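Listed below, chain by chain, are the residues.
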Amino acid sequence: MNTRPKSDEYLPKYEQYIRLVPDGNLVDILRNLHDQSLLLLKDLSEEQSVFQYAEGKWALKTVVGHITDVERLWNYRILRIARGDARELPGYDRDTFAKLASFDDLALAEVLVDFSAVRQSTLTLIGNLREEAFLRSGEFNGHPLSARAAAFIIAGHETHHMNVIKTKYLPK
């Protein structure tokens, strides 16, 4: 779990996330990312959690809910691929998910509990995979996808959105 995925293991558009993942053990990286994210978010007020930095942009807690939903989807893809189910994996509509999830109706604390629960699931899923399962590939949007690349995308996606939160939602 220390080796980065090769460019033929994922769609080119996911390079933007994979390049954000530092070198090292991916389980440790995901655990550290989670801890850093919680540290940044746990003491925010409800008022801060519904802040939108521009018209039409999601509220901060919707962004956190989005990170969580996307991680769930990538975990499903990892599980299918790791278990040898190579059938085509579907995409999803992020705006429909965000709209229908109603994250803004939840307290930030509830959104963070869900975020932590999903991360724990991610850690046990990928932490228990054998190397051959981690390297196994399936098909996603007409392109090969390895379980390894999917796990790296989880880490990079969170990093991307936490950078947006730091710069757009919580500027100093």
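Residues numbered from 1 in each chain as written. Predicted model: local features only at pLDDT ≥ 70, side-chain atom pairs only at ≥ 80, totals over all residues. Heavy atoms only, no water.

K.L.:
Summarise the side chain of histidine 157; cite the residues concerned and give the values.
P.N.:
On the secondary structure map, histidine 157 appears in helix α8 (residues 147–169). For histidine 157, a relative accessible area of 5% puts it in the buried group. Other than its neighbours up to four places away in sequence, histidine 157 contacts Tyr17, His66, Ile67 and Val70. (Helix = DSSP H or I, 4+ residues; strand = E, 2+ residues; numbered from the N terminus. Buried < 20%, exposed > 50% of the residue type's maximum accessible area, 1.4 Å probe, protein only. Contact = heavy atoms within 4.5 Å.)

K.L.:
Explain the packing of helix α6 (residues 108–127) against α8 residue by residue, including any values.
P.N.:
For the pair α6 and α8, interaxial distance at closest approach is 11 Å and the crossing angle is 150°. Taken as axis vectors, α6 and α8 run roughly antiparallel relative to one another. Classified by chirality, the crossing of α8 by α6 is left-handed. Only Ala151, Ile154 and Glu158 of α8 make contact with α6, whose side of the interface consists of Phe115, Arg119, Thr122 and Ile126. Partitioned by chemical class, the residues of the contact of α6 with α8 number 4 nonpolar, 1 polar and 2 charged. (Axes fitted to C-alpha atoms, helices over the stretch in contact; angles between N-to-C directions. Parallel < 35°, antiparallel > 145°, perpendicular 65-115°, else oblique. Left-handed = near helix turned anticlockwise from the far one by under 90°. Nonpolar A, V, L, I, M, F, W, Y, C, P; charged D, E, K, R; others polar.)

K.L.:
Explain the packing of helix α2 (residues 26–41) against α6 residue by residue, including any values.
P.N.:
Relative orientation and spacing of two packed helices are given, respectively, by the angle between their axes and the distance between those axes. Running from N to C, α2 and α6 cross one another at 175°; their axes reach a closest spacing of 10 Å. As far as their axial angle goes, α6 and α2 are roughly antiparallel. Contacts between α2 and α6 involve Leu26, Val27, Leu30, Arg31, Leu33, His34, Ser37, Leu38 and Leu41 from the former and Leu108, Leu112, Phe115, Ser116, Arg119, Thr122, Leu123, Ile126 and Gly127 from the latter. Considering only residue class, the contact of α2 with α6 consists of 11 nonpolar, 5 polar and 2 charged.

K.L.:
Could you give an account of the packing of aromatic side chains, naming the residues involved and the relevant values?
P.N.:
In this description, a pair of aromatic rings is defined by centroid distance and the angle of the planes. All told, the structure shown has 7 aromatic pairs when counted by the stated rule. Between tyrosine 14 and phenylalanine 140, the aromatic rings sit 6.3 Å apart at their centres with planes inclined by 40°, giving tilted as the arrangement. One end of the pair, tyrosine 14, is in the segment before α1 (15–18); the other, phenylalanine 140, is in strand β2 (residues 137–140), and 126 residues separate them in sequence. Here the two residues tyrosine 14 and phenylalanine 140 agree in accessibility, since each one is buried. An angle of 90° between the planes, with centres 5.1 Å apart, marks the rings of tyrosine 53 and tyrosine 169 as edge-to-face. Of this pair, tyrosine 53 sits in the loop between α3 (46–49) and α4 (60–82) while tyrosine 169 sits in helix α8, placing them 116 residues apart in sequence. By relative accessible area, tyrosine 53 is classed as partly exposed at 29%. Among the aromatic residues, those joined into a cluster by ring pairs are Tyr14, Tyr17, Trp74 and Phe140. Above the face of the tryptophan 74 ring, arginine 77 is positioned so that its terminal group lies 4.4 Å from the ring centre. (Phe/Tyr/Trp six-rings, centres within 6.5 Å; stacked < 30°, edge-to-face > 60°. Lys NZ or Arg CZ within 6 Å of the ring centre and 35° of its normal.)

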